[in-house]
Amino acid sequence: MLLIDCPYCGERPEIEFSYGGEAHIARPENPGALSDKEWADFLFMRGNQKGAFRERWIHTQGCRRWFNVLRDTTSHEIYAVYKIGAPKPPAPGEKPVAAKKPAAKKPAALKKGAGK
Amino acid sequence: MLEKGWIGGGNTGRNTTIVRSNYLFDESAHLYEKSLQLFEQLSQELNYNVMMSQRGVMNLAHNLHDVRESKRRVFANKLNGVDAEWLEPEEVKAFCPIIDISPDARYPVMGATLQKRAGVARHDAVAWGFARGADARGVDIIQNCEVTGLRIDNGRIVGVETTKGFIGAKKVGSVAAGHTSVICGMAGFRVPLTSHPLQALVSEPIKPIHPCVVMSNAVHVYVSQSDKGELVIGAGIDAYNSYAQRGSFHIIEGQMGALRELFPIFSRLRMMRSWGGIVDTTPDASCIMSKTPVENFFINCGWGTGGFKATPGSGWAFAYTIAKGEPHPLNAAFTLDRFTTGALVDEHGAAGVAH
Amino acid sequence: MAELDTRARDLRFSPLEAVSHRLVAASATDSVSATELPFTTQIGLRGDASDAAFVKAVKAAIGLAPPSEACTVAVKGDNRILWLGPDEWLVVAPDDVEGALLAKLEKGLAKLGAVAIDLTGNRTVIELSGPSARAVLEKGCYHDMHPRAFPVGRVVGTLIAHTQLFLERASDNPETFRLYVRSSFARHMAEWLMDAMAEFNESN
Ligand SMILES: Cc1cc2nc3c(=O)[nH]c(=O)nc-3n(C[C@H](O)[C@H](O)[C@H](O)COP(=O)(O)OP(=O)(O)OC[C@H]3O[C@@H](n4cnc5c(N)ncnc54)[C@H](O)[C@@H]3O)c2cc1C
Ligand SMILES: [Zn+2]
């Protein structure tokens, strides 16, 4: 079982969490303007990376907050945990990337709020 | 035939060996039925005992919705020429005496579908039977040879890079299950697949007690007894993406709870081994056997938790697709562009429990 | 709203009332005992702990500031505020004060974009205490119960016996735990606890 470091509650067993799949897939701003191929690309096509992989988890049984995890899909090692909207921490061997515009405006409480 | 590990070291050698063809939709029923018919002849055809045992597969119904859905599936199967029966609880008990059909069970058995021609086949025998058959027909099987790149010239495949060097080829087919995204990544396109662990386990061997295959979508159990006497039990997929061929323990724990719920008689059994495969799941729980954006490069994948039963049919239709450059009518619905057109073949119901 | 009229008080029953005598029978104070704390007032709070006005309004109504440290509990007299999430808390108070507390909270929070909502009755509370209480919980809970990971005055949302709950380790006693269980799951939880407690109370 994975031990996941919830950015709000700390280390908890995987059984308390639910999985949200690949992270950083932005919903198209104007779905109606997309071609079928672009829509399929958004809805169905996935990176499914072998190795370092950015994914979403929610602490369902605990604080019920979504957050991102950078995990290796070959070893299950968790490299980093970061809040929604926070800059992406680099994967091992990867240069730090400057955060682009955050996907969604985060509520004030998440920015300054409690937790570690 | 290039294999990065050993023949049968992928999901083929890790599955729970269930073979059946009672899928809901026409497209799937035809493909899996073709496969089952090939399975029925396979030992003769390959001159190799694949230990095909048509002991019957029962899908239990535990509530009224299950009953309605199951009957619908029986009717759909019959219309497609697939053998299917509906059993009332007493008939379920007669077919598999260890099932508790008392109405006060936590998940009462309200009936079941039965496909009598379905059953199990020995998974590694299938792998080795095919390997011998292919070898006898002149196929080179190269193990410990990993494909590390695809050489593409002007949108057309011309060969593969491997750990043993470059191999030129006019046509290339990829059947890499959980690693398909990696292979397609080499060609620069994405596929609608996610790779997950799927775990299974076997108990200590016991005397013959379980005469058929029992599956329950609601309780999530699929269990049979191998010829060695072990109970063979499959779990559901782990939620997270993984290429590790192992999953989390609570999945196994939950699986044991489900098994015990349905078969209190197994509560004292010790489990001997557990393992995991990397299954390639698709959004509609159906396979992909298709041309790709790269000319003469074909993929056969997305079998997820249930492609062992398809092995002969899948090979048959894929061979046709590669030879002709176009899919056979049997796999015409399972192309990559169904995710663009929206013509999905949603078999989540009949794929139900993960197998 | 201030007081329940006596007739309503006579008619109501708590989720574990029907098994309360069995909980007593399954308990032994020298090892582990379980009892329901029925009818506590419970109010859900959503707001921004870094907003002084919000903290002030809550303090004025409850006598306590919502704790900003994750998984902690603020206690004063009979009132407690449990941290549930970075912008979410549960106020727990004695029976029959929800009307009064809500009125005060709503008044204070009205202009702040914060929310107080009556959740009384959503969860009942089971108090488990005694030297073996931790061992009982460990049978069905993956959360690390070691005081290093779960000291007194903490609360975590987790699972026991497949059931979601908030689990509080009392601030005044490391051997006392409070289980906030949804009412419809309370019977299941109580049955599970009684079974798990049996080996520790063998004289029963
Ligand atoms: C636990 C479990 C239980 C299952 N139970 C059932 C069941 O009861 N019934 C059923 O019908 N199905 C079941 N399945 C599903 C079934 O096993 C698979 O769908 C099926 O075996 C897939 O066959 P395949 O040949 O496509 O893939 P695999 O057998 O996985 O073969 C793919 C091969 O590709 C190789 N490969 C990957 N990358 C490369 C590379 N770069 N170069 C060279 N080689 C590479 C791998 O090493 C692997 O051997 C189960 C699966 C699992 C894991
Ligand atoms: Zn959390």
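Above this text you will find the structure in question.
Residues numbered from 1 in each chain as written. Chains lettered and ligands numbered in written order. Predicted model: local features only at pLDDT ≥ 70, side-chain atom pairs only at ≥ 80, totals over all residues. Heavy atoms only, no water.

Participant: Sorry if this is basic, but what is going on with the overall build of chain B here?
Facilitator: When helices and strands are tallied, chain B shows 9 helices and 16 strands. What you see for chain B is a C-alpha radius of gyration of 20 Å, in line with the 20 Å of a compact globule of 355 residues. When burial is assessed residue by residue, chain B has 54% of its 355 residues classed as buried. Here chain B contributes 34 positive and 34 negative side-chain charges, whose respective centroids are spaced 3 Å apart. (Helix = DSSP H or I, 4+ residues; strand = E, 2+ residues; numbered from the N terminus. Rg over C-alpha atoms; globule rule 2.2 N^0.38 Å. Buried < 20%, exposed > 50% of the residue type's maximum accessible area, 1.4 Å probe, protein only. Lys, Arg positive; Asp, Glu negative; His and termini not counted. Charge placed at Lys NZ, Arg CZ, Asp CG, Glu CD.)

Participant: Before we go on, may I ask you to explain the interface of chain C and chain A in this structure?
Facilitator: Interfaces are often sized by the amount of accessible area the parts lose when they come together. Facing 21 residues of chain C, the contacting portion of chain A comprises 19 residues. Of the roughly 1600 Å² buried at the junction of chain C and chain A (both faces included), carbon and sulfur atoms supply 57%. Three residues, P86, Y142 and L159 of chain C, lead the burial of chain C against chain A; their summed loss comes to 34% of the area buried on that side. On inspection of chain C and its partner chain A, the count reaches 3 salt bridges. At the junction of chain C and chain A, the tally comes to 7 residue pairs in polar contact (both at pLDDT 80 or more). Going through the elements one at a time, β4 (79-85), β8 (154-160) and β9 (163-169) of chain C are the ones with two or more residues in the side of chain C that touches chain A. A breakdown of the residues in the side of chain C that touches chain A according to their chemical character gives 9 nonpolar, 8 polar and 4 charged. (Contact = heavy atoms within 4.5 Å. Buried area = accessible area lost by both parts, 1.4 Å probe. Salt bridge = Lys/Arg side-chain N within 4 Å of Asp/Glu carboxyl O. Polar contact = N/O pair within 3.5 Å; in protein donor to acceptor, adjacent residues only side chain to side chain. Nonpolar A, V, L, I, M, F, W, Y, C, P; charged D, E, K, R; others polar.)

Participant: Would you mind going over the site of ligand 1 with me for this structure?
Facilitator: All names here are of chain B. As a structural note, the neighbourhood of ligand 1 is formed by 32 residues, with E3, N11, T12, T16 and K309 the closest of them. At 3.5 Å, a backbone N or O of G304 approaches an oxygen atom of ligand 1. At a separation of 2.7 Å, an oxygen atom of ligand 1 approaches a polar backbone atom of K309. Isolated, ligand 1 exposes 1000 Å² of accessible area, and the fraction of that covered by the protein chains is 91%. Of all elements in the fold, only β10 (194-203) and β14 (271-281) reach the threshold of two or more residues within the shell around ligand 1. With 3 residues, β10 is the largest single contributor of residues to the shell around ligand 1. Looking at the shell around ligand 1, its residues break down into 13 nonpolar, 14 polar and 5 charged. (Near = heavy atom within 4 Å. Areas by Shrake-Rupley, 256 points an atom, 1.4 Å probe, with all protein chains shown as cover.)

Participant: Is there a simple way to explain the coordination of the zinc ion (ligand 2) in this structure?
Facilitator: All names here are of chain A. Donor atoms from the polypeptide that bind the zinc ion (ligand 2) are C6 (SG), C9 (SG), H59 (ND1) and C63 (SG), placed at 2.0 to 2.5 Å. With 4 donor atoms in place around the zinc ion (ligand 2) and angles of 103 to 118 degrees between them, the coordination shape is tetrahedral. We note that the donor set of the zinc ion (ligand 2) lies within a single chain, spaced as C-x2-C-x49-H-x3-C. With C9 in the loop between β1 (3-6) and β2 (10-13) and H59 in the loop between β4 (52-58) and β5 (66-72), the pair connects residues that are 50 residues apart, well separated along the chain. Of the two residues, C9 and H59, neither departs from the other in class, the shared state being buried. (Donors = N, O, S within 2.8 Å, 3.2 Å for Na, K, Ca; no water. Tetrahedral: all angles 85-135°; square planar, octahedral: opposite > 155°, others 65-115°.)

Participant: What is the right way to read the pattern of salt bridges from this model?
Facilitator: Opposite charge on two side chains permits them to pair, given that their charged atoms come into close proximity. Summed over all chains, the structure comprises 33 salt bridges over all chains. Shared partners join several salt bridges into a network, and the residues in it are R64 and R65 of chain A together with R46, D87 and E88 of chain C.

Participant: Looking at this structure, I do not really get the sheet that holds β4 of chain A. What am I missing?
Facilitator: Strand pairing in a sheet relies on backbone hydrogen bonds, with the paired strands running either antiparallel or parallel. Residue and element names in this part refer to chain A. Here 4 strands make up an open sheet; going across it, the order is β3-β4-β5-β6 and the pairing antiparallel. Strand pairing shows two members of the sheet lacking a second neighbour, β3 (18-22) and β6 (78-83), which therefore form its edges. Along the sheet, successive strands turn relative to each other by an average axial angle of 30 degrees, direction set aside. Direction of pairing for β3 relative to β4: antiparallel, over a ladder of 3 bridges. Its bridge partner being in β4, Y19 is matched across the sheet by W57. (Pairing = 2+ DSSP bridges. Axes fitted to C-alpha atoms, helices over the stretch in contact; angles between N-to-C directions.)

Participant: Help me understand the packing of aromatic side chains in this model?
Facilitator: Aromatic ring pairs are reported here in terms of the distance separating the ring centres and the angle at which the planes meet. Overall, the coordinates contain 12 aromatic pairs over all chains when judged by the stated rule. Between W57 of chain A and Y240 of chain B the ring centres are 6.4 Å apart and the planes differ by 50 degrees, which places this aromatic pair in the tilted class. Taken as a pair, W57 of chain A in strand β4 and Y240 of chain B in the loop between β13 (231-237) and α6 (249-262) lie in two separate chains rather than in one. Across the pair, Y240 of chain B and W57 of chain A agree in class, each one buried. (Phe/Tyr/Trp six-rings, centres within 6.5 Å; stacked < 30°, edge-to-face > 60°.)

Participant: Can you help me understand the sheet that holds strand β5 (residues 88-93) of chain C in this one?
Facilitator: Residue and element names in this part refer to chain C. Strand order across the open sheet formed by 5 strands is β3-β4-β5-β2-β6, with antiparallel pairing between neighbours. Strand pairing shows two members of the sheet lacking a second neighbour, β3 (73-76) and β6 (115-118), which therefore form its edges. Each neighbouring strand pair of the sheet contributes to a mean axis angle of 20 degrees, computed without reference to strand direction. Examined bridge by bridge, β4 and β5 share 5 bridges and lie antiparallel to one another.

Participant: I would appreciate a short explanation of the pairing of β3 of chain C in the present structure.
Facilitator: Residues and elements named next belong to chain C. Where β3 and β4 come together, 4 bridges link them in antiparallel fashion. Across the sheet, the residue bridging to K76 is N79, located in β4. Here β3 hands over to β4 after 2 residues, with G77 in that stretch at a positive phi of 60 degrees.

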